[in-house]
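Breakdown of the fold
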Amino acid sequence: MSEQDRDLVAIEAERTRIRDTHLRPAAERPASTARGLHHTALISSDVERTVRFYQDVLGFPLTELIENRDYAGSSHFFFDIGNSNLLAFFDFPGLDVGFYAEVLGGLHHLAISVEPERWEALRARLTEAGVEHEVHSGVSIYFRDPDGARIELIADPLGEMYGEHVL
């Protein structure tokens, strides 16, 4: 669907209605019932290749590699992405998980905040590693990991987006 085929005025009106109905001022918001994101789990087709990419190229230390409790022979492994947050992976040896297809409810991309001075160094590391990437708005680097997951490295601070506080 092209942009001209969409009624952008109606879409903005609906966004405004939802915002006005559901978005409370910060001082009026209750505390979240959650204490944080424990981990986000993606699927890996090759454990060592994934470790090399996330640890050696992106600089996210591998913190653990254990058997997945839900599928015998499967690995569950974790990377430190800072701020007590983990990025996790499963592999499923012998199970054909098929080609990744974006679906409603599926993962669009994973955005990881990095310090601005590290952002430039990571962009250089991606280039050096031959990883195709696109820079957007001077603060975001988009690329795909070895299994096709879309990753964004964003220089905006945690809780900010486009210079606006979102938390």
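Structural notes, computed from the coordinates. Values in this document were obtained by computation on a predicted structure and should not be read as measured data. (Residues numbered from 1 in each chain as written. Predicted model: local features only at pLDDT ≥ 70, side-chain atom pairs only at ≥ 80, totals over all residues. Heavy atoms only, no water.)

**As for the packing of aromatic side chains**
Within a pair of aromatic rings, the relevant descriptors are the distance that separates the centres and the angle that separates the planes. Using the following cut-off: What counts as a ring pair is set by centres within 6.5 Å for rings of Phe, Tyr and Trp (its six-membered ring), and what kind of pair is set by the plane angle: stacked under 30 degrees, edge-to-face over 60, tilted for all other angles. Secondary structure elements follow DSSP: runs of H or I of four or more residues count as helices, runs of E of two or more count as strands, with numbering from the N terminus. A simple rule labels every residue: compare its accessible area, found with a 1.4 Å probe on the protein chains alone, to the largest value its type can have, and call it buried under 20%, exposed over 50%, or partly exposed in between.
Following the criterion strictly, the structure yields 10 aromatic pairs and no others. Ring geometry for Y54 versus F89: centroids 4.9 Å apart, planes at 50°, classification tilted. Residue Y54 is found in helix 2 (residues 47-57), and its partner F89 is found in strand 4 (residues 86-90); the two are separated by 35 residues along the sequence. Given the relative accessible area of 0%, Y54 is considered buried. In this structure an aromatic cluster arises from ring pairing among F53, Y54, F60, F77, F79, F89 and F143.

**Some points on the pattern of salt bridges**
Selection criterion: By definition, a salt bridge exists where a carboxyl oxygen of Asp or Glu is found within 4 Å of a side-chain nitrogen of Lys or Arg.
With the rule as written, the count across this model stands at six salt bridges. Its salt-bridge partner being R15, residue E12 comes within 2.2 Å of it at the nearest N-O pair. With a gap of three residues between them, E12 and R15 both fall in helix 1 (residues 8-22), about one helical turn apart. With relative accessibility at 42%, the residue R15 sits in the partly exposed group. In this structure, R123 engages E120 in a salt bridge whose closest nitrogen and oxygen atoms are separated by 2.9 Å. On the criterion of helical spacing, the pair formed by R123 and E120 is a turn pair, its members being three residues apart in helix 3 (residues 116-128). Judged by its relative accessible area of 41%, E120 is partly exposed.

**A few points about the side chain of H76**
The criterion, for reference: By the criterion applied in these results, polar contacts are pairs of N or O atoms within 3.5 Å in which, for protein atoms, one can donate a hydrogen and the other can accept it, and in which residues neighboring in sequence qualify only through two side-chain atoms. In what follows, residue pairs with any heavy atoms lying within 4.5 Å of each other are defined as contacts.
If you trace the backbone, H76 turns up in strand 3 (residues 75-80). Side-chain polar atoms of H76 contact the backbone oxygen of F89, separated by 3.2 Å. Setting aside residues no more than four positions away along its own chain, H76 makes contact with H39, E64, L65, I66, E67, N68, A88, F89 and F90.

**Digging into unusual backbone geometry**
Non-glycine residue N83 carries a positive phi angle of around 60°. Assignment of secondary structure puts N83 in the loop between strand 3 and strand 4. On the basis of relative accessibility, which here comes to 61%, the residue N83 falls in the exposed class. Non-glycine residue S84 carries a positive phi angle of around 60°. Here S84 is to be found in the loop between strand 3 and strand 4. The exposure class assigned to S84 is exposed, which follows from its relative accessible area of 75%.

**Let's talk about helix 3**
For clarity, the cut-off: Here, expected helix span is obtained from the residue count minus one, scaled by 1.5 Å. Working definition: the arc comes from the directions between the helix axis and the C-beta atoms, pointing outward to the latter.
An ideal rise of 1.5 Å per residue puts 18 Å on 13 residues; helix 3 measures up with 19 Å between its terminal C-alpha atoms. Burial in helix 3 covers these residues: W119, L122 and L126. Buried residues along helix 3 cover an arc of 65° about the axis, so they all sit on one side. Opposite its buried face, helix 3 presents the exposed residues E117, T127 and E128, each directed more than 90 degrees away. As for helix 3, its buried residues are in contact with helix 2, strand 6 (133-136), strand 7 (140-144) and strand 8 (150-154). Note on helix 3: the residue one or two positions beyond its end, G130, has a positive phi of about 75°.

**A word on the packing of helix 2 against helix 3**
Each pair of packed helices gets described by two things: the angle between the helix axes and the distance between those axes. What counts here: Think of each axis as a best-fit line through the C-alpha atoms, taken over the contacting stretch in the case of a helix, with angles from 0 to 180 degrees between the N-to-C directions. Working definition: roughly parallel below 35 degrees, roughly antiparallel above 145 degrees, roughly perpendicular at 65 to 115 degrees, and oblique for all remaining angles. When residues are grouped by polarity, Ala, Val, Leu, Ile, Met, Phe, Trp, Tyr, Cys and Pro land in nonpolar, Asp, Glu, Lys and Arg in charged, and all others, Gly among them, in polar.
With their axes 10 Å apart at the nearest point, helix 2 and helix 3 run at an angle of 140° to one another. The angle between helix 2 and helix 3 falls in the class oblique. Between helix 2 and helix 3, the residues in contact are F53, Q55, D56 and V57 and L122, R125 and L126, respectively. The residue makeup of the contact of helix 2 with helix 3, split by class, is four nonpolar, one polar and two charged.

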